[in-house]
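Architecture at a glance
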Amino acid sequence: MNSSKVISIILKVSAFIVMLILVAIIGYVMILGIPQLKLSLFQWKYTSDNVSMLPSIINTILMVVFSLLIAVPLGLGAAIFLTQYKREGKIVKLIRMTSETLSGIPSIVYGLFGNIFFATFCGFGYSLLSGALTMSIMVLPLILRTSEEALLAVPDALAEGSLALGAGKIRTISAVLLPSAMPGIVSGVILGMGRILGESAALIYTAGTAATMASGLLSQARTLSVHMYALTSEGLHMEEARAVAAVLMVLVLIVNFISRKIGKKAGGKNE
């Protein structure tokens, strides 16, 4: 057996193991959680008896939307600057170093920073706004890096051809580069969504743990992951916590499916 076949087998085995782990995790969560689902968990108002997750589901969706509304324009704008306007220099090195540093900071540190700066110094308190601002900083390096790689993967000939035909820089970026890089950009946004959906430590210190639906940006907003943590920490509603885990998993799968469909359509329009 030659080396190429050995490498091929190793790669196939690695891919199979990764797929097996993913299926095992999803299957384990679903098997334990789905039987625990009941209508009382989807009551409009949370009580200590029904421990409804519906307010947390809505809070989670709001947290994802507001966080991405802040992080995506900033991350995408920085990626365009790094790839189309200034690829080298001290400023570029500083931005990349800052991005890499931010991506390595533990989430609990983000939570403490958000609590001190947004909740206390800025006066937002434990609120949806404090949580969204903190999460946007957390996912910003991820979106910036994936967007930058997606833009760099676009052949230079496309941009050069557009410029040669008389299109301006902005027109070339918006009509040629971004549609071509959209699948990669969407992949980064999906990863950002996943981090927001699964985050609990940072949101406990910024968005709060009140199990009520956020009535505004300055209202507390317990997300699904924080809700699950609260239920397990109390130790009184373990069955309901398993049901929350199953719903959270389904929500992540739905978000991934929809986002990938959008990314493929956006990329297909350019082809």
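Residues numbered from 1 in each chain as written. Predicted model: local features only at pLDDT ≥ 70, side-chain atom pairs only at ≥ 80, totals over all residues. Heavy atoms only, no water.

This part takes up the nonpolar core. Among the nonpolar cores identified, the biggest contains 34 residues, and Met53, Met63, Leu68, Ile196 and Leu224 are the most heavily contacted of them. Breaking this core down by element, the ones donating at least two residues are helix H2 (54-85), helix H5 (128-152), helix H7 (169-198), helix H8 (201-206), helix H9 (224-234) and helix H10 (238-270). Residue contributions to this core peak at seven residues, all from H10. In this view, leucine 224 contacts Met53, Ser56, Ile57, Thr60, Val244, Val247, Leu248 and Leu251; residues no more than four positions away in its chain are not counted. By size, the runner-up hydrophobic cluster in this structure holds 12 residues, among which are Ala150, Leu151, Ile173 and Leu177. (Core = buried A, V, L, I, M, F, W, Y, C linked by side-chain atoms within 4.5 Å. Buried < 20%, exposed > 50% of the residue type's maximum accessible area, 1.4 Å probe, protein only. Helix = DSSP H or I, 4+ residues; strand = E, 2+ residues; numbered from the N terminus. Contact = heavy atoms within 4.5 Å.)

What follows is about the pattern of salt bridges. Scanning all chains against the criterion turns up four salt bridges. Note that lysine 38 is salt-bridged to glutamate 240, the shortest N-O span being 3.3 Å. Of the two residues, lysine 38 sits in the loop between helix H1 (3-33) and H2 while glutamate 240 sits in helix H10, which places them 202 residues apart along the sequence. We classify glutamate 240 as buried; its relative accessible area is 10%. Put simply, arginine 145 and glutamate 149 hold a salt bridge, and the shortest N to O gap is 3.6 Å. Here the residue arginine 145 and the residue glutamate 149 both occupy positions in helix H5, the gap between them amounting to four residues, near one helical turn. Given a relative accessible area of 34%, arginine 145 falls into the partly exposed group. It is possible to trace a salt-bridge network through shared partners that takes in Arg96, Arg145, Glu148 and Glu149. (Salt bridge = Lys/Arg side-chain N within 4 Å of Asp/Glu carboxyl O.)

Our next topic: the packing of helix H4 (residues 107-121) against H5. Taken N-terminus to C-terminus, the directions of H4 and H5 make an angle of 135 degrees; their axes are 9 Å apart at the nearest point. Comparing the axis directions of H4 and H5 gives the class oblique. For the pair H4 and H5, the crossing hand works out as right-handed. Contact residues: H4 offers Ser107, Tyr110, Gly111, Phe113, Gly114, Phe118 and Ala119, while H5 offers Ser130, Leu133, Thr134, Ile137 and Met138. A per-class count over the contact of H4 with H5 returns seven nonpolar, five polar and no charged. (Axes fitted to C-alpha atoms, helices over the stretch in contact; angles between N-to-C directions. Parallel < 35°, antiparallel > 145°, perpendicular 65-115°, else oblique. Left-handed = near helix turned anticlockwise from the far one by under 90°. Nonpolar A, V, L, I, M, F, W, Y, C, P; charged D, E, K, R; others polar.)

Overall, the coordinates contain four aromatic pairs when judged by the stated rule. With 5.6 Å between their ring centres and 10 degrees between their planes, phenylalanine 113 and phenylalanine 117 make a pair best called stacked. Placement of the pair is phenylalanine 113 and phenylalanine 117 together in helix H4, with a separation of four residues, close to one helical turn. For phenylalanine 117, a relative accessible area of 32% translates into the label partly exposed. Centre to centre, the rings of phenylalanine 113 and phenylalanine 118 are 5.8 Å apart; their planes meet at 80 degrees, and the pair counts as edge-to-face. A relative accessible area of 38% places phenylalanine 113 in the partly exposed class. (Phe/Tyr/Trp six-rings, centres within 6.5 Å; stacked < 30°, edge-to-face > 60°.)

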